[in-house]
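# What the coordinates show
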Amino acid sequence: MVDAFRKGRVMEPSHNYRIGEIAERTGVTVETLRYYEKRRLLSASARTEGGFRLYSDAAVRQVTFIKQAQSLGLTLDDIQQLAAGRLRTNHASSCRKVRDLLTSRIEDIDARIKELRKFRRTLDEHLAACDRALASAPEPACPTIDALGEPRRVSRRHEAR
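The notes below deal with the structure included here. (Residues numbered from 1 in each chain as written. Predicted model: local features only at pLDDT ≥ 70, side-chain atom pairs only at ≥ 80, totals over all residues. Heavy atoms only, no water.)

### Some details on the overall build of the chain
When helices and strands are tallied, the chain shows eight helices and three strands. Helices and strands in the chain line up, N terminus first, as α-β-α-α-β-β-α-α-α-α-α. Buried residues in the chain amount to 21% of all 161 residues. Sequence separation of at least 24 residues holds for 46% of the intrachain contacts in the chain that already meet a minimum separation of 6. Accessible surface, the chain: about 12800 Å² in total, of which carbon and sulfur atoms supply 54%. (Helix = DSSP H or I, 4+ residues; strand = E, 2+ residues; numbered from the N terminus. Buried < 20%, exposed > 50% of the residue type's maximum accessible area, 1.4 Å probe, protein only. Contact = heavy atoms within 4.5 Å. Areas by Shrake-Rupley, 256 points an atom, 1.4 Å probe, with all protein chains shown as cover.)

This is the structure:
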């Protein structure tokens, strides 16, 4: 308690919440909380004599951490690695792992952006073909439908995949 006062925070007593209360407080479903617990992203809950799950304030913080990491595009596997890093005492090693994870996610995003740009160019080409066809005749055959019915030419670069 003294450390909390030194840091400018007053420690509140920990609350016990039922699973529905945690779900409501964190904006996730009860099923999601059970799944997080099963995946060990969320610490196992205490149980009442009747078998109901009871969660502490720490569970709210854990779920908040998970949701914020997901908002950055991280997967649950990524989040599991990050959560494990939070528990390590060697922060330099943890920070390197987080950096590597973030670098990998940025590379994934860059690859997806490249694919989306290619997809956009293809759609623009089909749109232009439709516009040309409509400008040349009142009720033309659709060049996009015709193109979709033809076998695609695969470049050598994509054949290797």
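We are not done yet, so read on.
### Considerations on helix H4 (residues 57-71)
Under the 1.5 Å per step criterion, the end-to-end length of H4 is 21 Å for 15 residues, consistent within 8% with the ideal 21 Å. Along H4, the positions that sit buried rather than exposed are Asp 57, Ala 59, Val 60, Val 63, Ile 66 and Ala 69. The N-cap of H4, judged by a side-chain oxygen 3.2 Å from the amide nitrogen of Ala 58 a few residues on, is Ser 56. At the C-terminal side of H4, Gly 73 shows a positive phi close to 90°. (Expected span 1.5 Å × (residues − 1). Polar contact = N/O pair within 3.5 Å; in protein donor to acceptor, adjacent residues only side chain to side chain.)

The values reported here are purely geometric and, on their own, carry no functional implication.
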